[in-house]
Amino acid sequence: MTATVVSDPRPIAAVLVSALAIVLIIASHRRPNVREGWSVLAAVTKFGIIASMLPGALDGTEYRWSFGEFVFNIEFALRADPLGMLFATLASLLWVFTAFYAAGYMRGLGEHSQTRFFAAFAASLSTAVGIAFAENLVTLFLFYELLSVATYPLVAHDETREARAAGRKYLAYTFFGGGVLVLAGTALVFVLTDTTTFGETAAGLAAADPTLARAAFALLGAGFGVKAAIMPTHSWLPDAMVAPTPVSGLLHAVAVVKSGVFGIARLVLEVFGPDLVSDLGVGVILAAVAAFTLTVASVIALRQDRLKRRLAYSTVSQLSYIVLGLGVLGPTATTGALLHIPAHAFMKLTLFFCAGIIHVETHTDYISEMDGIGKRMPLTMAAFAVASAGMAGIPLVAGFVSKWFLLTGSVEAGQSVFAVVLLVSGVLNIAYFWPIVYGAFFETHDTADSKPLVEGRLGGDTGATMPSEAEPPTSVPTPDGGAAGTESETGRTDSEGSRDRDGKIHDTHEEGSHHGGPGPGGWESAGWRGEEGTWLMLGPILAIVAGSIVLGVVPYEAVFLELIQVVVEGATA
């Protein structure tokens, strides 16, 4: 299919709508309902603008907007092509649900600095759509770096020592990946080809010195791999779990890590092209690194007792499914890789939202404290079970379809070893998700089986167990984070509350309420009618998990697979 490029302001409008929302959100800081209304309105408007371009994108039309020449005859230009539409449609759609969920979450905990939070959230989605629609490597680089800046206040939102440390680590990793590696790779591509426009660089790279071409691929692949959490540059991601759960969902499902794998997709499919990647022999190296990452991260996930950290390592593993499929090459494997972008997003956002509502309603963050919680939160844990099944590749959920393409694509490409790795990882997925689901519905806190991987001396996180009297604790788990807090002069941890502008700590929970696990009488039954929490949070959870089922049952009718086929046909033509 030959693309028809038309000049249209909608790509820049999709970027700017949430940038405008930042101003309105800040201006409405004294009126929370209005402030959050702007967030929702911006999300719906952004999705509407992007969705209006979908019919044209499926028919071969690309919408372009240019600000003019930027540097070295390179334009600051946006173009809504099929691959960019895949990322932009996903991010804008899920932001609609996240806007409602975030309002319920922040209100439920009485969080501080909510205006800053929603403003930074809007900025993050603005830059994410900019990444999606970037026409060349220079424009992508600018938005890629802006995304790191926009998401820093979200990672460091709690303003505790741990949150600030996680934020600094996040910036250090992502600025090195973008400001050093991606920038260096972009400059090398420009020197070799005299262009950075996607689809126009492959010919020049094919005629260049193979060693220099491989160096450009390595620099860009490593740079994008930082945000894609490829080992060994992954550790910022679990540490960033100290952030509020809506941020964790943003990091894992919508914007940050997806921008990393999206960058790798641009690199393989449009900067170099599948044929040149194969000729240079760099695809199999990319797939091998991804195979290592997805296996090791799954093993590490088994040993995590904090729910959000287990989900974080799961994300490290699942992102590498996408990278592996892109490295294997071939139409089928590439289809599976790209389909796993929305599949993982729907499922992982469901899982993080479930973790968030559990924290808000029960202050429980440890898996070892969740036995029997299905009685207290049946709808939440049912959604968690469905999303977990999809992550493991069980049929009728989105993860099965994408992993099926990846498996068959690996075999078709003569890379059966990667198919074996995918199967092993699927078993590990079951191993670290099934105990949570089983414990929630079929065990109680008093009769639960032991969990030696997380409770034993040589196991993982022992933070959920009571310390011995001989060794009094100097820290306690954070309410909703991935790191431990430190004692303050008040005898409690910074993590147990939030700070105001003067640095004073305010408890985010009701005085005298139980913190973590069931109360003395066990979990109370909440029934199946939504009594377990606010519908501002429950509604998005049920809607997104329903989306993961739709994507698993009718992926083509859900638009994403149809769009992906257009991308693959264009890349392999």
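Residues numbered from 1 in each chain as written. Predicted model: local features only at pLDDT ≥ 70, side-chain atom pairs only at ≥ 80, totals over all residues. Heavy atoms only, no water.

Enquirer: Break down the overall build of the protein chain for me, citing the residues and quoting the values.
Expert: Across its full length, the protein chain holds 23 helices and five strands. Sequence separation of 24 or more characterises 77% of the internal contacts of the protein chain that already satisfy a separation of 6 or more. As displayed, the protein chain has an accessible area near 21,100 Å², and 62% of this comes from carbon and sulfur atoms. (Helix = DSSP H or I, 4+ residues; strand = E, 2+ residues; numbered from the N terminus. Contact = heavy atoms within 4.5 Å. Areas by Shrake-Rupley, 256 points an atom, 1.4 Å probe, with all protein chains shown as cover.)

Enquirer: Run through the pattern of salt bridges, naming residues and quoting values.
Expert: Applying the stated rule across the entire model yields 14 salt bridges. For Glu159, the salt bridge is made with Arg164, and the minimal N-O distance between the two is 4.0 Å. Glu159 gets classed as buried once you look at its relative accessible area, which sits at 15%. Residues participating in the shared-partner salt-bridge network are Glu62, Arg64, Glu75, Arg79 and Glu135. (Salt bridge = Lys/Arg side-chain N within 4 Å of Asp/Glu carboxyl O. Buried < 20%, exposed > 50% of the residue type's maximum accessible area, 1.4 Å probe, protein only.)

Enquirer: Account for the confidence of the model for the protein chain, with residues named and values stated.
Expert: In the predicted model, the protein chain carries a mean pLDDT of 87, and the fraction of residues at 70 or more is 88%. Predicted confidence is poor over residues 457-479, with pLDDT under 50, and the contacts of this stretch with residues over four places away or in other chains come to 45 contacts. Confidence drops under pLDDT 50 across residues 481-514; counting only partners more than four residues distant or on other chains, this segment forms 79 contacts. (pLDDT = per-residue confidence, 0-100.)

Enquirer: Tell me what's going on with the sheet that holds strand S3 (residues 74-80), and back it up with residues and numbers.
Expert: Sheet strands associate in pairs through backbone hydrogen bonding, adopting either a parallel or an antiparallel arrangement. Overall, mixed pairing links the three strands, which are arranged S1-S2-S3 in an open sheet. The open sheet is flanked by strand S1 (4-7) and S3, the only strands paired with a single partner. Taken over all neighbouring pairs, the strand axes of this sheet differ in orientation by 40° on average, direction set aside. Two strands pair when backbone bridges link them, and S1 and strand S2 (residues 61-71) are joined in this way by four bridges, in the parallel orientation. Note that in S2 the partner of Val6 across the bridge is Tyr63. Most of the contacts of helix H1 (residues 10-27) go to S3, to which it runs at about 90°, and overall it touches S2 and S3. (Pairing = 2+ DSSP bridges. Axes fitted to C-alpha atoms, helices over the stretch in contact; angles between N-to-C directions.)

Enquirer: Outline the side chain of Glu135, supporting the account with residue identities and numerical values.
Expert: Looking at where Glu135 falls in the secondary structure, it is placed in the loop between helix H5 (114-133) and helix H6 (137-155). The buried category is assigned to Glu135, whose relative accessible area is 5%. Within the structure, Glu135 has its side chain in polar contact with the side chain of Arg79 (distance 3.5 Å). Once residues within four sequence positions are removed from consideration, Glu135 is found in contact with Arg64, Ala77, Leu78, Arg79, Thr197 and Phe198. (Polar contact = N/O pair within 3.5 Å; in protein donor to acceptor, adjacent residues only side chain to side chain.)

Enquirer: Any chance you could break down the packing of aromatic side chains for me, citing the residues and the numbers?
Expert: Counted according to the given criterion, the structure contains 19 aromatic pairs. Seen from their ring centres, Tyr144 and Phe224 are 5.4 Å apart, and the 90° between their planes marks the pair as edge-to-face. Residue Tyr144 is found in helix H6, and its partner Phe224 is found in helix H9 (residues 210-227); the two are separated by 80 residues along the sequence. The burial state of Tyr144 is the same as that of Phe224; both residues are buried. For the ring pair Phe346 and Phe560, a centre distance of 6.2 Å and an interplane angle of 75° mean the geometry is edge-to-face. Taken as a pair, Phe346 in helix H16 (residues 331-362) and Phe560 in helix H23 (residues 560-572) lie far apart in primary sequence, 214 residues in all. Each member of the pair, Phe346 as well as Phe560, carries the same accessibility label: buried. (Phe/Tyr/Trp six-rings, centres within 6.5 Å; stacked < 30°, edge-to-face > 60°.)

Enquirer: Account for the nonpolar core, with residues named and values stated.
Expert: Among the nonpolar cores identified, the biggest contains 178 residues, and Met85, Phe133, Val268, Phe272, Leu324, Leu338 and Phe384 are the most heavily contacted of them. When residues in this core are grouped by element, the largest group, 18 residues, is from H16. Setting aside residues up to four positions removed in sequence, Phe272 forms contacts with Ala202, Leu205, Ala213, Ala216, Phe217, Leu267, Val277 and Leu280. (Core = buried A, V, L, I, M, F, W, Y, C linked by side-chain atoms within 4.5 Å.)

Enquirer: I'd love a proper account of the packing of H16 against helix H19 (residues 398-412), names of residues and values included.
Expert: Here H16 crosses H19 at 160°, and the two axes come no closer than 8 Å. Accordingly, the angle class assigned to the pair H16 and H19 is roughly antiparallel. H19 is crossed by H16, and the crossing has left-handed handedness. Note on element contacts: H19 touches H16 through Ala398, Gly399, Val401, Ser402, Lys403, Phe405, Leu406, Thr408, Gly409, Ser410 and Glu412, opposite Thr332, Ala333, Thr335, Gly336, Ala337, Leu339, His340, Ala343 and Met347. For the contact of H16 with H19, the residue count by class is nine nonpolar, nine polar and two charged. (Parallel < 35°, antiparallel > 145°, perpendicular 65-115°, else oblique. Left-handed = near helix turned anticlockwise from the far one by under 90°. Nonpolar A, V, L, I, M, F, W, Y, C, P; charged D, E, K, R; others polar.)

Enquirer: So what's going on with the pairing of S3? Residues and values would help.
Expert: The buried count for S3 comes to six of seven residues, which makes it a mostly enclosed element. Bridge count for S2 against S3 is six bridges, and the pairing is antiparallel. Residue pairing for S3: Ser66 is matched across the bridge by Ala77. Hairpin connection between S2 and S3: a loop of two residues separates the two successive antiparallel strands, and Phe72 in this loop has a positive phi of roughly 50°.

Enquirer: Explain the environment of Ala558 to me, and be specific about the residues and the numbers.
Expert: Note on placement: Ala558 falls in the loop between helix H22 (535-553) and H23. Along the sequence, Ala558 and Gly547 sit 11 residues apart, while their C-alpha atoms lie 8.8 Å from each other. Those residues in contact with Ala558, other than ones at most four positions away along the chain, are Val550 and Leu551.

Enquirer: Can you tell me about the environment of Glu135, naming the residues and giving the values?
Expert: On a C-alpha basis, the gap between Glu135 and Phe76 in space is 8.0 Å, while along the polypeptide they are 59 residues apart. A polar side-chain atom of Glu135 sits 2.5 Å from a polar atom in the side chain of Arg64.

Enquirer: Pulling in residues and values, what's your account of unusual backbone geometry?
Expert: Omega for the peptide link from Met231 to Pro232 comes to 10°, which places this bond in the cis form. Tracing the sequence through the fold places Pro232 in the loop between H9 and helix H10 (236-239). One non-glycine residue with positive phi stands out, namely Glu159, at about 65°. Along the chain, the position of Glu159 falls in the loop between H6 and helix H7 (161-193). Located in the positive-phi region is Asp194, a residue other than glycine, with phi close to 65°. Inspection of the secondary structure puts Asp194 in the loop between H7 and helix H8 (202-207).

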